[in-house]
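Structural characterization, general
Residue-level listing of the chains:
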Amino acid sequence: MRKLYSRQLIEARHEMLSIYEAIDLALHDAVHAFVEGDKKLASKTKKKTLKIDARCANLEAVCYNLIATQAPVASDFRLLQTIIYTDFCLQRMCDKVQRVARAAKLKATTEIELPAELIDLVNQEASSVYKVMGTAASVLVTNDLAVLRTLNSQEESAHSIYEEFFRSFNRMASVELTDDRSYDDFRRVIMVSRYLDRCAQYSIDAASRIMFLLTGQRWNSVDIAGFDEDELESLRVPSGEGVILRPEVDAASVAKIPLDEVTPALRALIENPIDEDDEDDEAEDEDFDA
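Numbering of residues starts from 1 in every chain and runs along the sequence as written. Local features in this predicted model are restricted to residues of pLDDT 70 or higher, and side-chain atom pairs are both shown and tallied only at a pLDDT of 80 or more, whereas totals for entire chains, interfaces and linings draw on every residue. Each side-chain value is worked out from all heavy atoms of the structure, with water and hydrogens disregarded.

Side chains that are nonpolar tend, in soluble globular proteins, to be buried together. Within the largest apolar cluster, 83 residues are counted, with the highest numbers of intra-cluster contacts made by Y20, I23, L27, F34 and L148. Per element, the largest residue contribution to this core is 16 residues, and it comes from helix α1 (residues 2–36). Once residues within four sequence positions are removed from consideration, Y20 is found in contact with L90, M93, M133, A136, A137, L140, S203 and I257. By convention a nonpolar core is built from buried Ala, Val, Leu, Ile, Met, Phe, Trp, Tyr and Cys residues, the set being connected through side-chain atoms within 4.5 Å. Burial classes follow relative accessibility: with a 1.4 Å probe on protein chains only, a residue under 20% of its type's maximum area counts as buried, one over 50% as exposed, and anything between as partly exposed. By the criteria applied, helices consist of DSSP H or I runs no shorter than four residues and strands consist of E runs no shorter than two, each listed in order from the N terminus. Any two residues whose heavy atoms approach within 4.5 Å at even a single point are treated as in contact.

As structure tokens, this is what we get:
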């Protein structure tokens, strides 16, 4: 019975990471659709976000069911809390990706022409946000608290481009549009930069929750910015039997995220995959021999 429970915890964690991967890839598609005015890709991406929403709802239900039926304590309970909180962040990220896809479709449908300078800034901001999300994914997989500290500076870089976007927009002359509805459409389109900024922040919030899982402390990347690696490692507390964290296996759940956007440690794990079933077979053989 406990083996089944442990397997359920592992599967819930892998589903959390897989959803993160799906959102990351959907954001790439949504931004590409926006920049290129690809209405078909925008519609396709919006449909993907609806499926991701359903997966998030199902993952939340699974976690609450495990809490209700297994009465987890200590680290097992922290793991489920971490998954639920991360899932909440993923739902918010998915909503922003969906809004980017909507803006892309609106831009293509109404033929709104944004100045090249603003399009370029959206591209720059998106590239910076991808790096933030890739680093956050790396933290969630590798459980590296030292990497968590770097997220704050990365987010500041992305946020500075967001601020530059609106500074540039404010410097430009008012756009000539035919009616109030056209102005509303235009406002929705220029909000893409804001949606990107929020995706970066939600991904950091998700990654920061790993601190609670590993240490029991509710600190974030800002709180631990001044800690050295020894101090961070000393905060870790032992895990229960249900909390099985194997980065070499977990990496498979985020393997489709572009490798140039993740940390070197996660990239190495993705490029050298380990078959989880083989490891389980080896463990069973060892138990049998014993």
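After presenting the structure, the write-up continues.
All right, on to the pattern of salt bridges then. By definition here, a salt bridge exists when the distance from a side-chain nitrogen of Lys or Arg to a carboxyl oxygen of Asp or Glu is within 4 Å. Across all of its chains, the model carries nine salt bridges by this definition. Across the pair K48 and D29 runs a salt bridge, and its minimum N-O distance is 3.4 Å. Residue K48 is found in helix α2 (residues 39–70), and its partner D29 is found in helix α1; the two are separated by 19 residues along the sequence. A relative accessible area of 35% means that K48 is categorised as partly exposed. One network of salt bridges, with partners in common, ties together D95, K96 and R99.

We now examine the packing of helix α6 (residues 151–171) against helix α8 (residues 192–208). To define axes, lines are fitted to C-alpha atoms, for helices over the stretch in contact only, and angles between the resulting N-to-C directions are given on a 0 to 180 degree scale. Here α6 crosses α8 at 170°, and the two axes come no closer than 9 Å. Our classification of the angle between α6 and α8 gives roughly antiparallel. By crossing handedness, the relation of α6 to α8 is classed as left-handed. Here α6 contributes L151, E155, H159, Y162, F165 and F166 to the contact with α8, which in turn contributes S193, R194, D197, Q201, I204 and A207. A breakdown of the residues in the contact of α6 with α8 according to their chemical character gives six nonpolar, three polar and three charged. Note on terminology: angles under 35 degrees are roughly parallel, angles over 145 are roughly antiparallel, angles of 65 to 115 are roughly perpendicular, and the others are oblique. For any pair of crossing helices, the crossing counts as left-handed if the nearer helix is rotated counterclockwise from the farther one by less than a right angle, and right-handed if it is rotated clockwise. Each residue is assigned to one class: nonpolar for Ala, Val, Leu, Ile, Met, Phe, Trp, Tyr, Cys and Pro, charged for Asp, Glu, Lys and Arg, and polar for all the others, Gly among them.

Looking at the secondary structure, you find T215 in helix α9 (residues 210–215). Relative accessible area serves as the criterion here: at 5%, T215 is assigned to the buried category. Each C-alpha atom of the pair T215 and S234 lies 8.9 Å from the other, and the pair is 19 residues apart in sequence. Apart from residues no more than four positions distant in its own chain, T215 is found in contact with L145, L235, R236 and V237. For T215, the side chain forms a polar contact with the main-chain oxygen of M211, separated by 2.6 Å. Pairs of N or O atoms within 3.5 Å make up the polar contacts considered here, provided that, within protein, one atom can donate a hydrogen while the other can accept it, and that residues adjacent in sequence are counted only when both atoms are side-chain atoms. Among the polar contacts listed, one links the side chain of T215 to the backbone nitrogen of Q217, at a separation of 3.0 Å.

On to a negative patch on the surface, then. A surface patch of negative charge is lined by D228, E229, D230 and E231. Mapped onto the elements of the fold, D230 is located in helix α10 (residues 229–234). Residue class for D230 comes out exposed when judged on its relative accessible area of 64%. Think of a patch as exposed residues, more than 30% relative accessible area, with no salt bridge, where like charges cluster within 9 Å and nonpolar side chains (Val, Leu, Ile, Met, Phe, Trp, Tyr) cluster within 5 Å. Under the convention used here, a 1.4 Å probe and the Shrake-Rupley method define accessible areas, while residue burial counts only the protein chains that appear. For this count, His and the chain ends are skipped, Lys and Arg are scored as positive, and Asp and Glu as negative. Where a charge lies is defined by one atom per residue type, namely NZ (Lys), CZ (Arg), CG (Asp) and CD (Glu).

Take the packing of aromatic side chains next. In this analysis, rings of Phe, Tyr and Trp, with Trp reduced to its six-membered ring, are considered paired at centre separations within 6.5 Å, and the interplanar angle assigns stacked below 30 degrees, edge-to-face beyond 60, and tilted for intermediate values. For the structure on display, the rule yields three aromatic pairs. On the basis of an interplanar angle of 75° and a centroid distance of 5.1 Å, the ring pair of F165 and F166 is categorised as edge-to-face. Put simply, the rings of Y162, F165 and F166 pair up and form one aromatic cluster. Note on criteria: charge over ring means Lys NZ or Arg CZ within 6 Å of the ring centre, with the direction from the centre no more than 35 degrees off the ring normal. Positioned above the aromatic ring of Y202 is the side chain of R198, whose terminal nitrogen or guanidinium carbon lies 5.0 Å from the ring centre. The side chain of R209 reaches across the aromatic face of Y85, ending 4.5 Å from its centre.

Confidence in the prediction for the protein averages 89 pLDDT; 90% of positions are at 70 or higher. Long-range and interchain partners of residues 282–290, a stretch whose pLDDT sits below 50, account for zero contacts in this model, where long-range means more than four residues apart. Each residue carries a pLDDT score, the predictor's own confidence in it, on a scale running from 0 to 100.

Turning our attention to the environment of S75. For S75, the position within the fold is in helix α3 (residues 74–110). Note on S75: relative accessible area 3%, which makes it buried.

We now examine the environment of T150. Within the secondary structure, T150 sits in the loop between α5 (145–148) and α6. Owing to a relative accessible area of 33%, T150 belongs among the partly exposed residues under this scheme. Of note is the side chain of T150, whose polar atom sits 2.6 Å from the backbone oxygen of V147.

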